[in-house]
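So the chains spell out like this:
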Amino acid sequence: MFSDFYGEVKQLIEKSSATATKAICCIDIDDFNSVNEHYGYEAGDIVLETIHHRLKAISQIDEDVVIRGSGDQFYLLLQLDGDIERLSTLIHVISEVIYLNEHLISVHASIGVYLIENTDTSTDAVIRKAYHACIIAKNKGGNNLIIYDSEQDDQRTQWNQIVNSVIKGLGKSQFSLYLQPKYHAHNSTLVGYEALIRWNHPERGVVPPDQFLPHIKNTEAEIMLDQFVLECAIRIIAILRQHGNDLTLSINVTPRQLVSPWFFKQLHRLHNKHPDYLKHLFIEILETDSFENIGLVKPALMEYLQMGIRFSLDDFGVGYASLTHLVELPIAEVKIDRFFISNIEHHHVHQLVVKSVVQLAKDLALITVAEGVETEQEFNALKALGIDVFQGYLLGRPFPSEQLIRNLNTLKQSPTTEFAK
């Protein structure tokens with residue numbers, strides 16, 4: 001029981017003479033809901049009990065305390081005796097494969113650690129610090145162990161400020177979508193746009209997404225921003241359809257969003273209201289996000305597929321198990337990462353990689369997109385390799401979606417560059 005754990009920690013910090021290194025560990029299993037969804041709640045409970053027994057097995061000192069908290073959390077009080085390396089065993093013990101009937105189940109965890117000091121006087125404070133370190137570990141992508149330090153308080157304060165600022169900014173219409181055109185390689189005609197979120201900050205100007213999205217992960221602000229992007233995307237598709245265009249619109253979505261009940265309900269509602277609109281929607285899945293539970297993501301994609309939505313694998317080639325994604329997931333488009341595009345005319349190995357991806361995509365009837373094309377030399381090299389669609393500053397910079405109607409006629413034309421003919 002957590003009350004027993006609390007009592008042990010309270011008793012420990014009241015011993016002012018204690019000198020041995022003690023650590024409070026807060027462990028949260030990453031994405032555990034997917035285990036319950038895929039294997040069932042009974043199997044999920046067996047997995048948690050197995051992890052509980054493993055953690056007890058490594059706590060061989062009598063003063064160590066291991067308890068199972070609510071849901072998929074565990075709390076540990078470990079006597080390290082100066083052996084900080086002992087903490088590293090926690091990740092390995094948790095991630096070891098669990099054999100359950102005919103299944104092999106592997107999970108990972110976010111672990112927050114606080115090293116108790118003789119000056120600590122508040123039980124609530126020391127447990128809270130371990131919990132905050134756990135949150136930071138989870139925000140860094142999980143499967144990670146973070147030891148608390150005082151700078152994390154400043155970082156957490158900064159993150160909270162960003163979250164609050166995003167929520168306020170949404171209420172004050174500070175966010176907007178920018179559209180970057182995508183062109184067909186063979187005839188240079190416009191095929192669609194990618195929607196890019198921008199924050200029109202009153203003091204900082206236009207703020208790109210990499211400066212605020214990582215800080216609002218798993219927060220209310222992220223959900224509100226997702227809803228904003230989706231609603232804007234549907235309005236943009238409506239404008240395109242009203243002007244007789246069959247152009248597509250791509251939006252970026254993480255695996256976590258795809259499996260969330262909220263996201264599914266929103267798209268299902270939109271499908272009932274505008275079934276034709278969703279046929280023009282591409283959802284870009286970030287290939288750099290970890291797909292540890294393809295068994296859960298795939299059924300969600302298949303349901304979206306029934307609505308007419310198509311999927312693009314973004315940042316292809318620099319993430320996790322790319323080929324597995326192509327085989328397991330209903331992908332229609334592959335976007336080759338900028339890493340392979342930049343100065344490709346000078347990198348023979350990159351040319352070979354792109355050539356292989358293009359051939360594989362053709363065999364699988366997939367569209368290939370080169371993103372981040374910035375020079376004429378890159379364009380020519382990629383076109384020779386058989387890329388289907390181009391996107392980048394060379395062909396068109398992102399523009400505010402409010403300017404879509406004004407830009408449609410211009411952007412329908414071939415890019416005004418000699419090499420694009």
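Asker: Is there a simple way to think about the packing of helix α7 (residues 220-242) against helix α9 (residues 261-273) in this case?
Answerer: Describing two packed helices takes the angle between their axes plus the distance from one axis to the other. Following both chains from N to C, one finds α7 and α9 inclined at 20°, their axes separated by 11 Å at the closest point. By the criterion of interaxial angle, the relationship of α7 to α9 is roughly parallel. In this structure, α7 meets α9 at a crossing whose hand is right-handed. In this structure, α7 contributes Ile223, Asp226, Gln227, Leu230 and Ile234 to the contact, and α9 contributes Trp262, Phe263, Gln266, Leu267 and Leu270.

Asker: Is there a simple way to explain the confidence of the model for the protein in this structure?
Answerer: For the protein, mean pLDDT is 84; residues scoring 70 or higher make up 89% of the total. Within the model, pLDDT remains below 50 along residues 413-421, and this stretch shows 15 contacts once partners closer than five positions in the same chain are excluded.

Asker: Could you clarify how one ought to interpret the sheet that holds strand β7 (residues 144-147) in this entry?
Answerer: The strands that make up a sheet pair up through hydrogen bonds in the backbone, lying either parallel or antiparallel. Across the sheet, which stays open at both edges, the five strands sit in the order β2-β3-β1-β6-β7 with mixed pairing between neighbours. Of all the strands in the sheet, the pair left with one neighbour each is β2 (65-68) and β7. On average, each strand axis in the sheet is inclined to that of its neighbour by 15°, with strand direction left out of account. Two strands pair when backbone bridges link them, and strand β1 (residues 22-29) and strand β3 (residues 73-79) are joined in this way by seven bridges, in the antiparallel orientation. Across the sheet, the residue bridging to Lys22 is Gln79, located in β3. Along the sheet face, helix α3 (residues 41-58) touches β1, β2 and β3 and points at about 175° away from the line of β2. Along the sheet, helix α5 (residues 123-139) makes contact with β1, β3, β6 (109-116) and β7, crossing β6 at roughly 145°.

The rules behind these values
- Residues numbered from 1 in each chain as written.
- Predicted model: local features only at pLDDT ≥ 70, side-chain atom pairs only at ≥ 80, totals over all residues.
- Heavy atoms only, no water.
- Axes fitted to C-alpha atoms, helices over the stretch in contact; angles between N-to-C directions.
- Helix = DSSP H or I, 4+ residues; strand = E, 2+ residues; numbered from the N terminus.
- Parallel < 35°, antiparallel > 145°, perpendicular 65-115°, else oblique.
- Left-handed = near helix turned anticlockwise from the far one by under 90°.
- Contact = heavy atoms within 4.5 Å.
- pLDDT = per-residue confidence, 0-100.
- Pairing = 2+ DSSP bridges.

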